[in-house]
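# Inside the fold
Letter by letter, the chains look like this.
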Amino acid sequence: MKPLFTLKDVSIDYGTSPVLKNVSLNFDKGKVTSIIGPSGAGKSTLLRTLNRMNDHIPCFRLRGEVFFDDENIYNNGTKVPLLRQNVGMVFQKPCIFPKSIYDNVLFGVRHLCSGRKYEFPRIVEEMLKAVSLWEEVKDKLNRSALELSQGQQQRLSIARALAVEPRVLLMDEPTSSLDPTSTSAIEELVGRLSGNLTIVIVTHKLDQAKKIADDVVFICEGKLIEHGMSENVFSNPYQQQTKDYLRWHLCKC
Amino acid sequence: MRLKIGFICSLMLLSEIVFLPLSTVGAEKATIKMAGSTTVLPVAVRAAEKFMAVHPGINITINPGGSGVGAKSLGNGLVDIGMISRHITDEEIKNFPKIDFNVHVIGRDAVACVISSEIYDAGVKKLSREQIQKIYTGEIDNWKKVGGPDKSIFVIDKEAHRGTRHVFMAYIFGDENARTRGADLISGSNNEEQTKIALSDTAIGMLSHAWINKDVKGVGIEVNGPVIEPSIKNIKNGSYPISRNLSLITDGEPAGFAKEFIQYILSLEGQKIVEASGYVGIK
Amino acid sequence: MWALSRWRPGRAFFASSFFISISVTGIIFIFLIMESFPIFQHEGLGFLSGSEWYPGEVYGALPMIYGTGVVTFIAVSFALPLALGSAIITSEVLSGRVRLVIKMMMELLAGIPGVVYGLLGISLLTTAVKNTFNLIDGNSFFTAGILLSIMILPTVMTLSEDALRSVPKEYRDQALALGLKRSETILYAVLPGAIKGIAGAVLLGIGRAMGETISVMLVIGSLDRIPRPFYNIFTTGQTITSKLGREGAEALGVGYHWNALAGLGLILFLTVMGITFIGNSIVGPLAGRGINNKMKQKKR
């Protein structure tokens, strides 16, 4: 099967020291890929490379090539907004607009495909059901979304990202600010969404990666150390550094 | 060119808006405070500079504002000497019953009817009293009707308390508080009015004759046939019809340094300053 | 002893400056009421509705009230689009260093005294207005409004920019990540979050425009009249402040003339206080939120 994303010899820096060094990597369609590694390894940078969210950081510079569906997304002609519609993103901290729950779900859709107005109620219901939030909020769709709990807000963020119907969902440590119940709700959600959707998730919790990922990418100090099927990487890593990291949470790269 | 004129004029205006800092700071110095007519102002400023050079122990601060402000400030005891370019009105005497207004005439001046140089050069060299009257009531609103080009007249009036206006209106309307329905703009000091007229090319206004220059021309006044120009000669021989005394006022007899200063202006040297300022001395 | 242990210089300083500013405002207010009382007794409501002003005879404030309103309206309608546009560009497009330079320049501009603007206005703007609109003369409501719009531009711009900056960065990222274009992000995610701050900035700008005296006095023409037709803004008029500037010194202290000017002052005082109060109560909490956000970001 052809990979969805292909990174060829990608290096990134923000003006000073390199953050990613010569990373070459594929992400497969329909799978859940988890990026693991110590903090500061460049996990978020790698993730944000896939929807060009790094562009807004001053002095950002990228060498190498990133292909999405055989198209180099760092070409001059790339329509970045269109790319981001296809490659959705969920952030570490849920970002909720000071609007109603209903309007938050529709925030992207409303401005991207305004022609589908009559479908809006259906989209809201469908998306909230997809993230298992419907039962909790169906009676207060017009209340401010800021009243929801952190966990509910994060699921609302996911619903909002899904409403744009992306093909890929990037998740940047989506459970790091959540309680255990909400965390397992989101882990379960990721399992349900995979298949139709390609998911790339950054996490620093190894058990979480083990639980939900098909593939695992281990990076350390900007270098790709190991990339393989989840069960292989966790049970029998190929590289010594991976072994050390998995056992001692140490990284000598 | 016009912009440059405007800019220079407005810089002059600045000096008038901001309090004139003639004094140097020094607590032990005696101070003479003055305020009032902007027509008398140049004389007072020049005389004060000379006077302070001779009397280093004295500060003189001079505030512009107009004759009304001069009378009012003296009435309220804010100044030692007021400057006026008209007589004290009955109302002013009534408002300050405790003040004994003592007028010291220091020179004579003409109030000229001034117009933009463009109009003057286009042929309006003289106006009669009736014509000026009609311009200020709005009956005549085009220069065409008084022998000039086909242009609307921009009528500039002055703040009601100004000495220049009192004298001008007293001649034109026979009423120093005359109302002017035809006015388009109200100005304050001589400098402001000069600037406004210089910047306009169709304006009429009233100014002390010392402010006449190449952009602001004084027209002759036609009195039953002959035309009398606003000139030093015609003020001196008394033929120019709109003339007035320039005065300093004090509360009762002046004393101390204020008395010395007034005496200085009345001296030969002081009268030279009056004439150098474009007015006529009294001796 | 207890009181001594509670002594905090910062708090005492704050309390005293608070007390001083409140009492000064209060004294001015009471002074204006007392000084203007006779004119309201003498003219009644005719003082507010009358359009004739001849010292010693009749005092009608309507032309001045009208002038202040018109001039302020013109000033805001020109300043707001410009200020908002440049605030958006500065906050959303330009890099940090350019932004700082622009902000610094704007704050410098805001500090230039009114009289300097007035002199530039009298020499440059009146001529420009006269030539552009082919008028007999450049002194007009319009000229004063334009001059004021230039004067309030820095205030409105810097405060709007602050409001835009205080919108959390997450909003922008979120909107961009959903596939919105840069312009849509500003329009739908940033502006709604800053709208209160911008409204406050405009109100403070209005306050400044209404209170500005000398620059208006030099270009408005100082004629106490409501133009005919009333929307003819290319003619001379009078504002409350220019009236006070022209006649204040001459009327000082005594008589109905003085009371009438105090009455004008009272009208202006109440209006500006009201607007500033509304402006501050809108801006205040929002500015606080902005600071909190920055602190949170630092902590992270």
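Residues numbered from 1 in each chain as written. Chains lettered and ligands numbered in written order. Predicted model: local features only at pLDDT ≥ 70, side-chain atom pairs only at ≥ 80, totals over all residues. Heavy atoms only, no water.

By the secondary structure assignment, K196 of chain B is in helix α8 (residues 190-199). Of the residues examined, K196 of chain B reaches a relative accessible area of 2% and is grouped as buried. Discounting residues that sit within four places of it in the chain, K196 of chain B has contacts with I156 and L185 of chain B together with I122, N139 and L218 of chain C. (Helix = DSSP H or I, 4+ residues; strand = E, 2+ residues; numbered from the N terminus. Buried < 20%, exposed > 50% of the residue type's maximum accessible area, 1.4 Å probe, protein only. Contact = heavy atoms within 4.5 Å.)

Here two pairs of chains are in contact, and chains B and C lead that list by number of contacts. Here chain A and chain B are not in contact; the least distance found between their C-alpha atoms is 46 Å.

Residues and elements named next belong to chain A. Read from one edge to the other, the open sheet built from four strands follows the order β2-β1-β4-β5, with strand pairing classed as antiparallel. Only two strands of the sheet have a single neighbouring strand rather than two, namely β2 (18-27) and β5 (71-72). Of the pairings in the sheet, the one linking strand β1 (residues 5-13) to strand β4 (residues 61-68) comprises seven bridges and is antiparallel in character. Pairing of I12 across the sheet is with L62, part of β4. (Pairing = 2+ DSSP bridges.)

A cis amide bond, omega -10 degrees, links R228 of chain C with the succeeding residue P229 of chain C. Structurally, P229 of chain C is set in the loop between α10 (214-219) and α11 (240-251). One non-glycine residue, N22 of chain A, adopts positive backbone phi at about 45 degrees. Positive phi outside glycine occurs at R52 of chain A, with the angle close to 60 degrees. On the basis of relative accessibility, which here comes to 13%, the residue R52 of chain A falls in the buried class.

With that settled, the discussion passes to empty space enclosed by the protein. A complete count under the given rule lists four cavities of 30 Å³ or more for this structure. Taken as a whole, the largest cavity spans an internal volume of roughly 60 Å³. If you go around the largest cavity, the residues you meet are K196 and L199 of chain B together with T126, T127, K130, D137, G138 and N139 of chain C. Counting only elements with at least two residues in the lining of the largest cavity, the list comes to α8 of chain B together with α6 (114-133) of chain C. Top contributing element to the lining of the largest cavity by residue count: α6 of chain C, with three residues. Of the residues contributing to the lining of the largest cavity, the split by class is one nonpolar, four polar and three charged. Taken as a whole, the second largest cavity spans an internal volume of roughly 50 Å³. If you go around the second largest cavity, the residues you meet are S37, T38, T39, G66, S67, S85, K158, R162, G163, T164, G188 and N190 of chain B. Residue contributions to the lining of the second largest cavity reach at least three from each of two domains, namely domain 1 (4-107 + 245-276) and domain 2 (109-236) of chain B. (1 Å grid on protein atoms, 1.4 Å probe; cavity = no way out; pocket = protein on both sides within 12 Å on 5 of 7 lines; lining within 4 Å. Points joined across faces, edges and corners; volume = space filled by probe spheres on them. Nonpolar A, V, L, I, M, F, W, Y, C, P; charged D, E, K, R; others polar. Domains from an automatic or database assignment.)

With that settled, the discussion passes to the sheet that holds strand β10 (residues 220-222) of chain B. Residues and elements named next belong to chain B. Pairing in this open sheet of three strands is mixed, and the strands run β5-β10-β11 from one edge to the other. Bordering the open sheet on either side are β5 (126-128) and β11 (227-228), each of which pairs with just one other strand. As defined by bridge partners, β10 adjoins β11 across two bridges and the pair is classed as antiparallel. Considered in β11, the bridge of E222 is made with V227. Against the sheet, helix α6 (residues 129-137) engages β5 and β10, with an angle of about 80 degrees to β5. (Axes fitted to C-alpha atoms, helices over the stretch in contact; angles between N-to-C directions.)

Taken together, the 31 residues of chain B in the interface contact 29 residues of chain C. For the pair chain B and chain C, the summed buried area comes to about 2600 Å², and 64% of that belongs to carbon and sulfur atoms. At the junction of chain B with chain C, the criterion picks out four salt bridges. Residue E159 of chain B is joined to R246 of chain C by a salt bridge in which the shortest nitrogen-to-oxygen separation is 2.8 Å. Linking chain B to chain C there are nine residue pairs in polar contact (both at pLDDT 80 or more). Listed by contribution, the elements that provide at least two residues to the side of chain B that touches chain C are α1 (2-17), α3 (67-75), β7 (185-187) and α8 of chain B. (Buried area = accessible area lost by both parts, 1.4 Å probe. Salt bridge = Lys/Arg side-chain N within 4 Å of Asp/Glu carboxyl O. Polar contact = N/O pair within 3.5 Å; in protein donor to acceptor, adjacent residues only side chain to side chain.)

So, on to the interface of chain A and chain C. Contact residues are listed per partner, giving 21 residues for chain A and 15 residues for chain C. For the pair chain A and chain C, the summed buried area comes to about 1700 Å², and 67% of that belongs to carbon and sulfur atoms. Where chain A touches chain C, the interface holds zero salt bridges. Elements supplying a minimum of two residues to the side of chain A that touches chain C: α2 (80-86), β6 (87-90), α3 (101-112) and α6 (150-163) of chain A. Per element, the largest residue contribution to the side of chain A that touches chain C is four residues, and it comes from α3 of chain A.

Moving on, we get to the environment of A177 of chain C. Tracing the chain through its elements places A177 of chain C in helix α8 (residues 169-177). The exposure class assigned to A177 of chain C is buried, which follows from its relative accessible area of 1%.

The next thing to look at is helix α10 (residues 256-266) of chain B. Buried residues of α10 of chain B: A258, F261, I262, Y264 and I265 of chain B, and no others. Buried residues of α10 of chain B, seen end-on, are gathered within an arc of 155 degrees and therefore sit on one face of the element. (Arc of directions from axis to C-beta.)

Residue and element names in this part refer to chain B. Assigned domains within chain B: domain 1 (4-107 + 245-276) and domain 2 (109-236). The gap between the C-alpha centroids of domain 1 and domain 2 is 26 Å. Facing the 21 residues of domain 1 at the interface are 19 residues of domain 2. Counting the surface lost from both domain 1 and domain 2, the interface buries some 1500 Å², and carbon and sulfur atoms represent 56% of this.

The packing of two helices is summarised by the inter-axis angle and the distance between the axes. Residues and elements named next belong to chain C. Running from N to C, helix α4 (residues 62-93) and helix α7 (residues 141-165) point in directions that differ by 40 degrees, and their axes come no closer than 6 Å. The orientation of α4 with respect to α7, classified from their angle, is oblique. Crossing handedness for the pair α4 and α7: right-handed. Classifying every residue of the contact of α4 with α7 by side-chain character gives 24 nonpolar, seven polar and three charged. (Parallel < 35°, antiparallel > 145°, perpendicular 65-115°, else oblique. Left-handed = near helix turned anticlockwise from the far one by under 90°.)

Within a regular strand, the side chains alternate between the two sheet faces. All names here are of chain B. Examined bridge by bridge, strand β1 (residues 30-36) and strand β2 (residues 58-64) share seven bridges and lie parallel to one another. What sits directly across from T31, in β2, is N59. Bridging between β1 and strand β3 (residues 81-84) involves three bridges; their strand directions are parallel. Looking at the pairing, M34 lines up with I81 of β3.

Our next topic: helix α9 (residues 182-211) of chain C. Between its first and last C-alpha, α9 of chain C extends only 38 Å over 30 residues, short of the 44 Å set by a 1.5 Å rise per residue. A bend of about 55 degrees at L191 of chain C is the largest found in α9 of chain C, and the proline P192 of chain C appears one to four places after it. (Expected span 1.5 Å × (residues − 1). Bend = angle between axes of the 7 residues up to and from the residue.)

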